[in-house]
Amino acid sequence: MSCLPEVNPCLLCFGPPIQRARLCRDITGAFVDELRHKKCMQALVEAAKPLASVSVASGQREELREIVMDAMNSLEERWGKKSLNKSLQEAVSTIWRKLSQLGKVPACVPPCGFQPAARVFQCATCRLVDCQFALDCPVQDLWTYTDETIVLRCNVPFHIPRNLSVTWMFAPNLRTQDMALFKELKGNPEKPFSLTIEEPAPGTVACRLGEHSKPIIRKFFYLNVSEGSMEEEKGLQTVFTSVLHWNDETYTPIPALGLASLGIPCKYKGTQVSKGPAGSASMSVRRAAGVDIMDIRVPKRIPDSWIQFRAL
């Protein structure tokens, strides 16, 4: 590098610097300290500048080397037949034509993970460069019930090596990415990329692709587990669906499954809650005269012990 400090690094990635100095000596017949030799080296610098933007897949590095070296050798063959500038233009054009025939470089897929398939060789730095992402993915929040069965997946949106090991771990009652706090879980050997959890408990589930010493990626899922059941939620959905479909004249009895047991107060005009046999409850809704219910907002999960009906 010190022999030719102004030459674009791409030209120095392959072959020793003395080879390029010898090339200009053979072409011009001049020594290093002579003007003709210096002009030849300057012409090489200018011709190499466009190559600074070249990046190829890591597996194509050897092909890039052959392309550049073939172009350098062609300059010697053309000497005496064409001018140096014309020979350089043709050599660079040949390089670009051959580069266009190489396969497309895989793109980095955010936001996380070591992606070896997207590693590139940069002509400007003569180095292999990886995607600049963290190994650990951001924590994903999942909401579930204590009686619900959930399935987690350790899939990734980029290419990974075959036969990659998958490890599942759990840190109870914590939202964390500190691997020292996790305990390993027993996965399914037949379906290693998925984990089925029955009766989930609060905490963080993590999956790791690759060996402990050389992981590819780590994904994290925080389980927000609510008391109650899916059946109660279905009952609530039935209630709210009925409210949305009432009409002006009809007095509609609506089952309030789960409302009394969850301690949800129903305090709004035109609504009555009464207890039935065996502690069951029913809710009747009568539309108040001259009042339109304009906005009833009901989340799928009921995070608080109340439901607000707003009448406008």
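Going by the structure above, here's the rest.
Keep in mind that what you see is a predicted model, and the values were worked out from it rather than measured. (Residues numbered from 1 in each chain as written. Predicted model: local features only at pLDDT ≥ 70, side-chain atom pairs only at ≥ 80, totals over all residues. Heavy atoms only, no water.)

Peer 1: Give me the lowdown on the nonpolar core, citing residues and values where you can.
Peer 2: Within the largest apolar cluster, 32 residues are counted, with the highest numbers of intra-cluster contacts made by L64 and L99. Secondary structure elements with two or more residues in this core: α1 (9-12), α2 (17-28), α3 (35-48), α4 (61-78) and α5 (84-99). The element that contributes the greatest number of residues to this core is α4, accounting for seven residues. Excluding anything up to four places from it in sequence, L64 contacts F14, V54, V56, L99 and F121. Core analysis: the second largest hydrophobic core is formed by 22 residues, W168, I197, F221 and V225 among them. (Core = buried A, V, L, I, M, F, W, Y, C linked by side-chain atoms within 4.5 Å. Buried < 20%, exposed > 50% of the residue type's maximum accessible area, 1.4 Å probe, protein only. Helix = DSSP H or I, 4+ residues; strand = E, 2+ residues; numbered from the N terminus. Contact = heavy atoms within 4.5 Å.)

Peer 1: Give a detailed account of α2, specifying residues and quantitative values.
Peer 2: Between the first and last C-alpha of α2 there are 17 Å, a value that for twelve residues agrees with the 16 Å anticipated at 1.5 Å per step. When α2 is considered as a whole, its buried residues turn out to be Q19, R20, A21, L23, C24, I27 and T28. (Expected span 1.5 Å × (residues − 1).)

Peer 1: Go over the state of the cysteines with me, naming the residues and quoting the values.
Peer 2: Across all of its chains, the model carries five disulfides by this definition. The disulfide bridge from C112 ends at C137, spanning 2.0 Å between sulfur atoms. Looking down the S-S bond of the C112 and C137 bridge, the torsion is 80°, so its handedness is right-handed. With C112 in the loop between α5 and β2 (120-122) and C137 in strand β4 (residues 136-145), this residue pair connects regions lying 25 residues apart in the sequence. Across the pair, C137 and C112 agree in class, each one buried. (Disulfide = S-S within 2.5 Å.)

Peer 1: Go over the environment of P106 with me, naming the residues and quoting the values.
Peer 2: Topologically, P106 is positioned in the loop between α5 and β2. When the C-alpha atoms of P106 and A117 are compared, they prove to be 6.7 Å apart, with eleven residues separating the residues in sequence. Once you skip the residues sitting within four places of it in the chain, P106 turns out to touch A117 and A118.

Peer 1: Explain the pattern of salt bridges to me, using residue names and the numbers behind them.
Peer 2: The final tally for this structure, using the stated rule, is eight salt bridges. With a shortest N-O distance of 2.7 Å, R218 and D136 are connected by a salt bridge. One end of the pair, R218, is in strand β10 (residues 215-226); the other, D136, is in strand β4, and 82 residues separate them in sequence. Since its relative accessible area comes to 17%, R218 is described here as buried. (Salt bridge = Lys/Arg side-chain N within 4 Å of Asp/Glu carboxyl O.)

Peer 1: So what's going on with empty space enclosed by the protein? Residues and values would help.
Peer 2: Under the criterion given, the structure shown has three cavities of 30 Å³ or more. The computed volume of the largest cavity comes to approximately 110 Å³. As for the largest cavity, its lining consists of 13 residues, and the residues nearest its centre are L11, M72, L88, V92 and I95. A class-by-class count of the residues in the lining of the largest cavity yields 13 nonpolar, no polar and no charged. (1 Å grid on protein atoms, 1.4 Å probe; cavity = no way out; pocket = protein on both sides within 12 Å on 5 of 7 lines; lining within 4 Å. Points joined across faces, edges and corners; volume = space filled by probe spheres on them. Nonpolar A, V, L, I, M, F, W, Y, C, P; charged D, E, K, R; others polar.)

Peer 1: Break down unusual backbone geometry for me, citing the residues and quoting the values.
Peer 2: P110 connects to P111 through a cis peptide bond whose omega is 15°. Positionally, P111 belongs in the loop between α5 and β2. Notably, C126 is not glycine yet its phi reads approximately 60°, a positive angle. Locating C126 in the fold gives a position in the loop between β2 and β3 (127-129).

Peer 1: Break down the packing of α4 against α5 for me, with residues and values.
Peer 2: For the pair α4 and α5, the least separation of the axes is 9 Å and the interaxial angle reads 155°. One way to sum up the angle between α4 and α5 is to call them roughly antiparallel. Here α4 runs over α5; the crossing is right-handed. Facing α4, whose interface residues are L64, I67, D70, A71, S74, L75 and R78, α5 presents S87, L88, E90, A91, T94, I95, K98 and L99. (Axes fitted to C-alpha atoms, helices over the stretch in contact; angles between N-to-C directions. Parallel < 35°, antiparallel > 145°, perpendicular 65-115°, else oblique. Left-handed = near helix turned anticlockwise from the far one by under 90°.)

Peer 1: Explain the sheet that holds β4 to me, and be specific about the residues and the numbers.
Peer 2: Here five strands make up an open sheet; going across it, the order is β4-β10-β9-β6-β7 and the pairing mixed. Whereas interior strands pair on both sides, the edge strands pair on one side only; in this sheet they are β4 and β7 (183-184). Relative to β7, strand β6 (residues 166-172) runs antiparallel, the two being bridged by two bridges. Counterpart to F170 in the pairing with β7 is K183. (Pairing = 2+ DSSP bridges.)

Peer 1: Hey, could you go over the side chain of T167 for me, with residue numbers and the actual values?
Peer 2: The residue T167 is located in strand β6 in this model. Apart from residues no more than four positions distant in its own chain, T167 is found in contact with E184, A206, C207 and R208.

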